[in-house]
Structures are given as structure tokens and as C-alpha cells.
Amino acid sequence: MKRTYLKATLALLIVATATSCYNLAPENTGVLTSADIYSGVGNVLNIDSLVSYVREITKDEDVEYYRSSGDVVQTQYKYDGKHHKEVRIDCELYDLPVMEETGDEQKDSTLRTLQAYYQRKQAKAQQVYDAVVSTCKSLSNLVEPSRTNMWEHQDSVWFNIELGNYQTGDVRLDTIGAEPIEEASEKVDFHHYPFQIPGIPASAFRTKGYGSFDYELTPDSVWNKTHELLDRKDFAKLIKPILSQKGIERRSFYVSHDTACQVKPVYQYGENNMCIWREATPTDIFVDLPDSVPPAGQPYSETQGTVYTMHSREQMQSVLRQLTDAIWQYLARHPHTFYEFYPDQFVPEQFSRGVYKTYFVMNQNTHLHEDISLFIHNCRDDYNLLVLDTKGDMWLPVEWPSMKSWKNGQVVYDKKVQLTPQQMKDYAGTCMSIQEFYDVWTEFDKPQKKNKK
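Let us look at the structure shown here. Keep in mind the model is a prediction, meaning the values are calculated, not measured.

What counts, and at which threshold
Residues numbered from 1 in each chain as written. Predicted model: local features only at pLDDT ≥ 70, side-chain atom pairs only at ≥ 80, totals over all residues. Heavy atoms only, no water. Helix = DSSP H or I, 4+ residues; strand = E, 2+ residues; numbered from the N terminus. Buried < 20%, exposed > 50% of the residue type's maximum accessible area, 1.4 Å probe, protein only. Contact = heavy atoms within 4.5 Å. Areas by Shrake-Rupley, 256 points an atom, 1.4 Å probe, with all protein chains shown as cover. Core = buried A, V, L, I, M, F, W, Y, C linked by side-chain atoms within 4.5 Å. Salt bridge = Lys/Arg side-chain N within 4 Å of Asp/Glu carboxyl O. Phe/Tyr/Trp six-rings, centres within 6.5 Å; stacked < 30°, edge-to-face > 60°. Lys NZ or Arg CZ within 6 Å of the ring centre and 35° of its normal. Disulfide = S-S within 2.5 Å. Axes fitted to C-alpha atoms, helices over the stretch in contact; angles between N-to-C directions. Parallel < 35°, antiparallel > 145°, perpendicular 65-115°, else oblique. Nonpolar A, V, L, I, M, F, W, Y, C, P; charged D, E, K, R; others polar. Pairing = 2+ DSSP bridges.

Helix and strand counts for the chain come out as six helices and 20 strands. Here the chain, with 453 residues, has 47% of them falling under the buried criterion. Taking the contacts inside the chain whose residues are at least 6 apart along the sequence as the reference set, 71% of them involve residues at least 24 apart. When the accessible surface of the chain is summed, it comes to about 23400 Å², and 51% of that surface belongs to carbon and sulfur atoms.

Let us now look at the nonpolar core. Core analysis: the biggest nonpolar cluster contains 34 residues, and F235, L323, Y339, Y359, F360, L374 and L385 have the highest contact counts within it. Broken down by secondary-structure element, the contributors of at least two residues to this core are β2 (73–79), α4 (232–239), β12 (300–310), α5 (313–333), β13 (338–341), β14 (355–364), β15 (370–379) and β16 (382–391). Tallying contributions element by element places α5 first for this core, with nine residues. Core analysis: the next-biggest nonpolar cluster, separate from the first, contains 29 residues, Y53, C91, V133 and I161 among them.

Summed over all chains, the structure comprises twelve salt bridges. Here R112 and E101 are joined by a salt bridge, their closest N and O atoms 2.9 Å apart. Placement of the pair is R112 in helix α3 (residues 105–140) and E101 in the loop between β3 (83–95) and α3, with a sequence separation of eleven residues. Where E370 meets R232, a salt bridge forms, and the shortest distance between an N and an O atom there is 2.8 Å.

For the structure shown, the criterion picks out 17 aromatic pairs. With a centroid separation of 4.6 Å and an interplanar angle of 25°, the aromatic rings of Y94 and F205 are classed as stacked. On the criterion of sequence distance, the pair formed by Y94 in strand β3 and F205 in the loop between β8 (186–194) and β9 (206–217) is long-range, its members being 111 residues apart. Classification of Y94 as buried rests on a relative accessible area of 11%. Given a relative accessible area of 21%, F205 falls into the partly exposed group. Above the face of the F346 ring, R313 is positioned so that its terminal group lies 5.4 Å from the ring centre.

Turning next to unusual backbone geometry. The phi angle at Q154 is positive, at roughly 55°, despite the residue not being glycine. On the secondary structure map, Q154 appears in the loop between β4 (148–153) and β5 (156–162). The class for Q154 is exposed, based on a relative accessible area of 76%. The phi dihedral of R380 falls on the positive side, at around 55°, and the residue is not glycine. Position of R380 among the secondary structure elements: in the loop between β15 and β16. Judged by relative accessible area, R380 falls into the partly exposed class, the value being 38%.

Here we come to the state of the cysteines. Following the criterion strictly, the structure yields zero disulfides and no others. Its sulfur unpaired, C91 is 8.6 Å from the next cysteine sulfur, which belongs to C136.

Attention shifts here to the environment of I376. Structurally, I376 can be placed in strand β15. We classify I376 as buried; its relative accessible area is 1%. Taking the C-alpha atoms as reference points, I376 and Y359, separated by 17 residues in sequence, lie 6.5 Å from one another. In contact with I376, other than residues within four places in its own chain, are M316, L320, Q345, V355, Y356, K357, Y359, N384 and L385.

Turning to the packing of helix α2 (residues 47–57) against α3, a few remarks are in order. One way to put it is that α2 packs onto α3 with a least axis distance of 10 Å and a crossing angle of 170°. Considering their axes alone, α2 and α3 lie roughly antiparallel with respect to each other. Across the interface between the two elements, L50, Y53, V54 and I57 of α2 pack against K124, Q127, V128, A131 and T135 of α3. Here the residues of the contact of α2 with α3 sort into six nonpolar, two polar and one charged.

This part covers helix α6 (residues 421–428). At 3.6 residues per turn, the α-helix brings residues three or four places apart onto the same side. Residues of α6 that are buried: M424, D426, Y427 and A428. In this fold, the buried residues of α6 make contact with β11 (274–282), β14, β15, β16 and β19 (410–413). Once α6 finishes, G429 follows within two positions and takes phi at roughly 70°, a positive value.

The next thing to look at is the pairing of β15. Where burial is concerned, most of β15 is hidden: ten out of the ten residues are buried. Residues E370, I372, L374, I376 and N378 line one face of β15 and the alternating positions D371, S373, F375, H377 and C379 line the opposite face, and both faces are buried. Two strands pair when backbone bridges link them, and β14 and β15 are joined in this way by nine bridges, in the antiparallel orientation. Of the residues in β15, the one forming a bridge with Y356 is H377. Between β14 and the antiparallel strand that follows it, β15, lie five residues. Bridge count between β15 and β16: ten bridges; the pairing is antiparallel. If you follow H377 over to β16, its bridge partner there is N384. Counted along the chain from β15 to the antiparallel partner β16, the turn is two residues long, and its residue R380 has a positive phi close to 55°.

Any functional reading would require information that these geometric values do not contain.
Written as C-alpha cells, this is what we have:
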């Protein structure tokens, strides 16, 4: 069974729509007003409409005091033998800071501007919370009482709603010791509870409550056992014209390591040696393996990396829109490709340190795991798209902004890229680690006989 664990400062996953893996584009019905949400006018029970509404009221602020690398809404499409649509909406409520004027007109003017901003932010957060609660209550009225659970107590609330038909006796073959289960094909979970970090003064803008709304649609009733290897040529043919446009700079690098590599990924604040580390482990290695023996990873790993740099957020957004169309075309021709796709990913703006977001990943679960990953990266006025073609485990060293190669910890720098150690550290920025467990597609391990003439 594939289990993915993300440890990152980046936003978490979540998804959107339809009944085939290559026709899952969102069908938004337009942005609703708050009056529509609260009164029930229009298709307020449609998840895409809720997503559009939340995105509209939480769009970028026009003040200089706050920038966000994340998005209140996250959408994800996925195929792993079944199609999935997931949506997550983060819900935070805030305590407004107590700001006392000092008598200094310049300082007090700044305080009033900040206070006005915080008031707007809390008002928007309350709108998101109210819209989610209203939607959950409306959805709960659509199903039998036995298929919904609701619990409210003071400042805490919890909803669990099973909207779709049950999938009875659905067992994944790669789950060792699994029993038949009953899963709803469409479900909603929402929880919200008081949350405060001790020691934050009343003069600070602080969280008073946190929760998340999670929606998942799994239209397939059984797991499809058909597997498909990556078609690199077809994918490259689609994205090459988009990434060859005027204004896009291109640079390549190479990363490799094997079992003799003495350098291991380190994740410690200020001492990280990998920006992104994805370890793919076959589940069959756990069979009869003593707890005291750590499982062996991939025997050999290499990544062909290409960085596409743009100096305009608008161009990055335009490129992503074009890539989204191209990726849907690729998936239409390769309906059994295993993938995760975040087509509505938020593009950060003007961050002083590098920020990463997963945009698209597709993989093949052979003994030597292979995947193609596209990450969005932003630092100051550079907007990068990282295209990483990996066999084995994927390591992205912190030196990537200025290197040509990294082999078992030995770095060869690109003389054309001039960065000081601090600049490279800032550019490399935040970190992401991903651990995956997968079942090996054994049908591709058999030697293929050539057709005799």
C-alpha cells in the first residue's frame, strides 16, 4: 500500500473532479457571493463552487506587511489504480492584537495600517469558516442520519459525512493482512478546535482556532491492475515548446548516489543538506524483516535535473496554465499512468528565501523506482520550474542553484553561476521530505523477447 508522508513547510495536498483520470479538470460554476453561501442560493453544495468562493475572498493582500507562500485551498488529482479528487481548505481563526498608540504619529499610523490589515484578515478567515460550516450542514441534510456524524462543543466542531455509495469488500492487494473494508466513494471531513501557542503576547496577531475541511471523491469501485510505464518521449514532446519560450532561461544538472555514498540526507534547522528528499521503498522488503534491521533503499539513484527560470510571476503563471493543458493531454493518451497533479497551485511572490511547491509527479513502481517530478520554486524575483527525471531515490542537494553535478557528495559547481554561500543558502530555502512505500509491478521485470522475423 502506498503511503506518502510529507514533512515540509509547504502546504498539504488535496483535489478536484469527474469520472476518468484524463477528464478531471475542475468544472467551477463561478464565484459566489457570501449571500449565496449563507442563503443557499445557487449551487452552494457544489465543492468546486465552495473552492471558488474561498479562493476569491482569500486572494492576495495589497499590503507590504504580509506575504504567503501557501494557499488556503489545495487541490489534487491522483491515479494509483483508482482515480481520486481531493480538496483541502485550511480554516484558521485569529485573535486581533491589542495595539496601544504611542503618541508618535508615524508609529501610530503604521499601527493603524497593521490593525486594519489584521481586521480584514480575520474577517476573511471568519467568512471561510462560516462558509465551510454552512456547506457541511447542508450536505449532511442530503444523506441518511446514519451516514453523517456531527459534534459541536463550545469552540470545537467536527463533521464526518459519507456522501457517495459504499464500496463493499474493497481490499487493496498490496495491503498485507488487510481485511475487507467499506469505504464511501465520496466523503467530507471537517474539524475545528481551539489552538493557541503559549507565551504569545496579546499585542501579537495570533491563532485562536485551527481546522481543515477535507473532501475526497473516489469514483472507481475496484482497483485497476493495469500498469503503464512512463512515456518520457511523449511527455518531453509536449512540454518542450512551452518551456522554450522567450524569457525562459534553462540550466541542467546531474545528481547520483549509490550504496557506497557516505553522505546521508540531514534535516536540521540551518543545517539541511537536501532541499527535497524522496525515498521510494518497495513493500516486499518488509516481509520477514526483523525490526532491528533497517530496510534497504534503492540500490542506485540518479536524477537528470533541468531548471527553467523566469523573472516574472505573470510569465510563470502563464507557463503553468499552458503546462496544465499539456499534462491533461498526456494523461488522456496514457490513462494508466500513476500520477499526482496540483494544477491550481499558488505561485508565491517575492520571497527572500526559496519556497517549493509540488506541481506534478508521475511514477512507475518497478524495482528501480522511476518518476518525473515538476516543482515550482520561487526566490525573490526568480521563478523556477524544476523538472527532475529520477531513477531510484530523488535527492535535490542544497547546492543545486549553482552546481553542474553532485555524485556521492562530490560537487562540481557551474562557473557561470556566481552565488555567495549565503545567497545559495537563501536560494535553496525551505526543505521537503517525502517517504513512499509501493508494491513492485512485477510484470515488467520479465525479460521481453524480441519478435523473430
